Amino acid sequence: MHVSIEDYVATLSFDRPEKANALREQDWAELDDQLTNLSTHGDVRVIVLTGQGDYFSAGIDLGTLQSLMTRSFENHAEKEAFIFSFIQKLQEAVNAIEKCSKPVIAAVNGPCIGGGLDIAAACDMRYCSENAYFCLKEIDLGIVADLGVLQRLPYIINPGLVSEMAYTARKVYGLEAKQIGLVNDCYASAEELLQKVSDLAKVMAEKPVAVVQGIKASMLHQREHSVQEGLDWIARENAKMMSKMF
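Remember, it's a predicted structure, so these values are computed and weren't measured experimentally.

### Considerations on the pattern of salt bridges
Scanning the entire structure with this criterion turns up 13 salt bridges. Between Lys-240 and Glu-237 there is a salt bridge, and its shortest N-O distance comes to 3.4 Å. In this pair, Lys-240 and Glu-237 both sit in helix H10 (residues 227-243), three residues apart, roughly one turn of the helix. On the accessibility criterion, Glu-237 (29% relative accessible area) is partly exposed. Among the charged side chains, a network of salt bridges with common partners joins Glu-98, Arg-152, Arg-223 and Glu-224.

Dropping the structure here:
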């Protein structure tokens, strides 16, 4: 992955454009490492996640998946345990987006397929170009999507649309993605997309760091709790923060 930092904004780019930014096992591990490092990086306040070339990401590299399926094992139990561990490692790479203390913006500049959509769904915000499309491709590979998209996407768009995407693997292009709320906005070109997202990230980076991080933490907490539990939680957190300010 390629990382650049400017004006407190880190741009993290998938850098296998010749392979549609498909992610090998080491690429998932690097995604996890980069987000973990950027989470505590003093010169980073916002992260933009995008892809080099014409793709955002085609998801997991099919060669990696094929290698996993053809690997030799002593018995079925050993094979099942190995696959379980492999899936969990990839899940943790996607979870690192949510665990990151900084807001992560997905700038989807082209096709966003399979695991790429898992990654985009874990981001705080999504923007795309008109030629981008989103596809839950796993059903055509004979597997159930298992990196978080089926768990996160129903909080973003109508659960019925998630089901439709999962059962059919149909492509949702940029303008429709905006219409259904999958992305905040859709731009005519990848160049305009990256410029608009860069401008937005710079505005966010100028806001109070602790408050921005508190907003992310509060919104993630609320997803798993009742309104009253969320109110109690943020009251305690704000009391801690504000007691240091005044």
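### Some remarks on the pairing of strand E4 (residues 104-108)
Summarising burial for E4: five of the five residues are buried, a large majority. Pairing geometry for strand E3 (residues 46-51) and E4, over three bridges, is parallel. Along E4, the bridge assignment pairs Ile-47 with Val-104.

### Examining the sheet that holds E4
Strand order in the open sheet formed by six strands is E1-E2-E3-E4-E6-E9, and the pairing between neighbours is mixed. Only two strands of the sheet have a single partner each, and these edge strands are strand E1 (2-6) and strand E9 (185-187). Averaged over all pairs of adjacent strands, the angle between their axes in this sheet comes to 20°, without regard to strand direction. In this sheet, strand E2 (residues 9-14) lies alongside E1 in antiparallel orientation, the contact comprising five bridges. If you follow Ile-5 over to E2, its bridge partner there is Ala-10. Helix H1 (residues 25-39) contacts E1, E2, E3 and E4 of the sheet and is inclined by roughly 180° relative to E2.

### Observations concerning a nonpolar patch on the surface
A grouping of Leu-62, Leu-141 and Ile-143 is seen on the molecular surface, where their side chains present a nonpolar patch of about 270 Å² in accessible area. For Leu-141, the location among the structural elements is in the loop between strand E7 (133-135) and helix H5 (149-152). Here Leu-141 falls in the partly exposed class, since its relative accessible area comes to 43%.

### Digging into the side chain of Asp-118
Its location among the elements puts Asp-118 in helix H4 (residues 115-122). Of the buried charged residues, Asp-118 lacks a salt bridge, with Arg-152 as the closest side chain of opposite charge at 5.9 Å. Polar contacts involving the side chain of Asp-118 include one to the main-chain amide nitrogen of Gly-148, which spans 3.1 Å. If we skip the residues at most four places from it in the chain, Asp-118 touches Val-94, Glu-138, Leu-147, Gly-148 and Val-149.

Reading the values: the criteria
Residues numbered from 1 in each chain as written. Predicted model: local features only at pLDDT ≥ 70, side-chain atom pairs only at ≥ 80, totals over all residues. Heavy atoms only, no water. Salt bridge = Lys/Arg side-chain N within 4 Å of Asp/Glu carboxyl O. Helix = DSSP H or I, 4+ residues; strand = E, 2+ residues; numbered from the N terminus. Buried < 20%, exposed > 50% of the residue type's maximum accessible area, 1.4 Å probe, protein only. Pairing = 2+ DSSP bridges. Axes fitted to C-alpha atoms, helices over the stretch in contact; angles between N-to-C directions. Contact = heavy atoms within 4.5 Å. Patch = residues over 30% accessible without salt bridge, like charges linked within 9 Å, V, L, I, M, F, W, Y side chains within 5 Å. Areas by Shrake-Rupley, 256 points an atom, 1.4 Å probe, with all protein chains shown as cover. Lys, Arg positive; Asp, Glu negative; His and termini not counted. Polar contact = N/O pair within 3.5 Å; in protein donor to acceptor, adjacent residues only side chain to side chain.

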